[in-house]
Amino acid sequence: MTMKEIRAIVRPSRLERLRDALRAIPNFPGVTLFRAEGFTAPAAIDKRSVKEELTDFSDKVMVCVLAEASMVEPIRAAITTACHSGQVGDGLVWVVDIAEIHRIRDGQSLA
């Protein structure tokens, strides 16, 4: 079984919508969230003051989902749809190949 990790950086204000969208996916395996801070690349933003450049960190959430490769597209689509506002700073979604996964409880290999 080929496993993938789907990661995303999203706005905290979109978490309720994201939770509902992910729970609607049949056999959704679960999600882990990390609180984070970040900023958008300066080239994406017009004129800014020095103060804005030094204090522009905004709250973000990193979303991590481990899933079978066949589930990547529905999960990616759910994240993109639920978290899209059309504004700079909506976030990113990317997929990482997983070489091995072992459950801590019983040591079973899952990938």
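The structure under discussion appears in the preceding block.
Attention in this report is confined to the structure presented alongside it. (Residues numbered from 1 in each chain as written. Predicted model: local features only at pLDDT ≥ 70, side-chain atom pairs only at ≥ 80, totals over all residues. Heavy atoms only, no water.)

## Concerning the side chain of Lys 4
Relative to the assigned elements, Lys 4 resides in strand S1 (residues 3–10). A distance of 2.3 Å separates polar atoms of two side chains, one belonging to Lys 4 and the other to Asp 97. (Helix = DSSP H or I, 4+ residues; strand = E, 2+ residues; numbered from the N terminus. Polar contact = N/O pair within 3.5 Å; in protein donor to acceptor, adjacent residues only side chain to side chain.)

## Regarding the side chain of Arg 14
Locating Arg 14 in the fold gives a position in the loop between S1 and helix H1 (15–23). No salt bridge is formed by the buried Arg 14; the nearest opposite charge belongs to Asp 90, separated by 5.7 Å. With residues up to four places along the chain from it excluded, the contact list for Arg 14 reads Ala 82, Cys 83, His 84 and Ser 85. (Buried < 20%, exposed > 50% of the residue type's maximum accessible area, 1.4 Å probe, protein only. Lys, Arg positive; Asp, Glu negative; His and termini not counted. Salt bridge = Lys/Arg side-chain N within 4 Å of Asp/Glu carboxyl O. Contact = heavy atoms within 4.5 Å.)

## Looking at the sheet that holds strand S3 (residues 58–68)
Within the open sheet, the four strands sit side by side as S2-S3-S1-S4. Their pairing is antiparallel. At either margin of the open sheet sits one strand with a lone partner, and together these are strand S2 (32–38) and strand S4 (91–97). Each strand of the sheet is rotated relative to its neighbour by a mean of 20°, with strand direction disregarded. Pairing of S2 with S3 involves seven bridges; the strand directions are antiparallel. Across the sheet, the residue bridging to Thr 32 is Cys 64, located in S3. Relative to the sheet, helix H3 (residues 72–83) contacts S1, S3 and S4, its axis offset from that of S1 by approximately 5°. (Pairing = 2+ DSSP bridges. Axes fitted to C-alpha atoms, helices over the stretch in contact; angles between N-to-C directions.)

Remember, this is a structural readout, not a statement about activity or role.
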